[in-house]
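# Reading the structure
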Amino acid sequence: MTRRAAVLGSLMAYASTTALAGTASLPVPSSLPEALTLALKSGNPLVILASLDGCPFCKIARENYLQPLQTNPTPFIVQLNLRSQQTVVGFDGISYSHDQWLKSWGIKVAPTVLFVGLSGKEIAERLVGGYLPDFYGAYLDERLNVARAVLSKAGAAR
């Protein structure tokens, strides 16, 4: 067995043993500017998960890392789905399908996590792909801390 097959097998097993009851998901916004406004009011960047139906890595990222961060009553983590025709208003005020919007941002891999700040601009490095479970949380925390620091600095500059 190759190392890649072994890692994928262990991740699949991890996904099935750590999954929450039922099919869980994150809020799906109809308007990214509105979601961004709410996130910023709570002192957070808007975190966008680019997901794909049936993706085991997306399930792990969503259920084990992103949903537990959603403790604030104001959601600041949302989900858009590759291949979905559901519409969302982009930061430019134009309505797109989820798939169109994600592709316009150059997203080709699921899961991808974006960290968006003022004016709908990315303020931390994207978290692309499904990493090994031992490190994914650390990568996510690091980028979230960077994004919050950028927001804090921008607030102090006002």
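The present account deals with the structure reproduced in this document. Treat the numbers as computed from the prediction; the structure is a model and nothing was measured.

## Description of helix H2 (residues 32-41)
- All buried positions along H2 are accounted for by Leu32, Ala35, Leu36 and Ala39. For H2, the angular spread of buried residues about the axis comes to 100°, placing them on one side. With respect to the buried face of H2, the exposed residues turned more than 90 degrees away are Glu34 and Lys41.
- Buried residues belonging to H2 abut strand E1 (46-51), strand E2 (77-81), strand E3 (87-89), helix H4 (98-104) and strand E5 (112-116).
- Regarding H2, its N-cap is Ser31, as a side-chain oxygen of that residue lies 3.3 Å from the backbone nitrogen of Glu34 further along.
- Phi for Gly43, located one or two positions after H2, is positive at around 85°.

## Some points on the nonpolar core
- Core analysis: the largest hydrophobic core is formed by 39 residues, its most contacted members being Leu46, Val47, Ile48, Leu66, Trp101, Val113 and Phe115.
- At the level of elements, H2, E1, helix H3 (56-69), E2, H4, E5 and helix H5 (133-157) are the ones that each hand at least two residues to this core.
- The residues touching Val113, leaving out its near neighbours within four places in the chain, are Val47, Ile48, Leu49, Leu66, Arg126, Leu127, Tyr136 and Leu140.

## Some details on the packing of aromatic side chains
- Throughout the structure, instances matching the rule amount to five aromatic pairs.
- Grouped by ring-pair contacts, the aromatic residues Phe91, Trp101 and Trp105 constitute a single cluster.

## Notes on the pattern of salt bridges
- Summed over the entire model, instances satisfying the criterion amount to four salt bridges.
- Between Asp99 and Lys103 there is a salt bridge, with its nearest N and O atoms 3.1 Å apart. Of this pair, Asp99 and Lys103 both sit in helix H4, separated by four residues, roughly a single helical turn.
- Classification of Lys103 by relative accessible area gives exposed; the value is 54%.

## Some words on the pairing of E5
- Among the five residues in E5, five count as buried, and that is most of the element.
- By the alternation rule, side chains of E5 split into Thr112, Leu114 and Val116 and Val113 and Phe115, which are all buried.
- Bridge count for E1 against E5 is five bridges, and the pairing is antiparallel. Considered in E5, the bridge of Val47 is made with Phe115.

## Remarks on the side chain of Gln70
- Structurally, Gln70 is set in the loop between H3 and E2.
- Only 2.8 Å separates the side chain of Gln70 from the backbone oxygen of Ile77, close enough to count as a polar contact.
- Apart from residues lying up to four places away in sequence, Gln70 is in contact with Leu26, Pro27, Pro75, Phe76 and Ile77.

## Section: the sheet that holds E2
- The four strands lie next to each other as E2-E1-E5-E6, forming an open sheet whose pairing is mixed. Every interior strand has two partners, whereas the edge strands, E2 and strand E6 (127-128), have only one.
- Contacting E1, E2 and E5, H2 runs over the sheet at an angle of about 135° to E1.
- On the sheet, H3 packs against E1, E2 and E5 and is oriented at approximately 165° with respect to E1.

## Let's talk about the pairing of E1
- Taken across its six residues, E1 has six buried, putting it largely inside the fold.
- By the alternation rule, side chains of E1 split into Leu46, Ile48 and Ala50 and Val47, Leu49 and Ser51, which are all buried.
- Strand direction decides the pairing type here: E1 and E2, joined by five bridges, are parallel. Along E2, the bridge assignment pairs Ile48 with Val78.
- In terms of handedness, the path from E1 via H3 over to E2 forms a crossover that is right-handed.

About the criteria used
Residues numbered from 1 in each chain as written. Predicted model: local features only at pLDDT ≥ 70, side-chain atom pairs only at ≥ 80, totals over all residues. Heavy atoms only, no water. Buried < 20%, exposed > 50% of the residue type's maximum accessible area, 1.4 Å probe, protein only. Helix = DSSP H or I, 4+ residues; strand = E, 2+ residues; numbered from the N terminus. Arc of directions from axis to C-beta. Contact = heavy atoms within 4.5 Å. Polar contact = N/O pair within 3.5 Å; in protein donor to acceptor, adjacent residues only side chain to side chain. Core = buried A, V, L, I, M, F, W, Y, C linked by side-chain atoms within 4.5 Å. Phe/Tyr/Trp six-rings, centres within 6.5 Å; stacked < 30°, edge-to-face > 60°. Salt bridge = Lys/Arg side-chain N within 4 Å of Asp/Glu carboxyl O. Pairing = 2+ DSSP bridges. Axes fitted to C-alpha atoms, helices over the stretch in contact; angles between N-to-C directions. Right-handed = clockwise from strand over helix to strand, strands pointing away.

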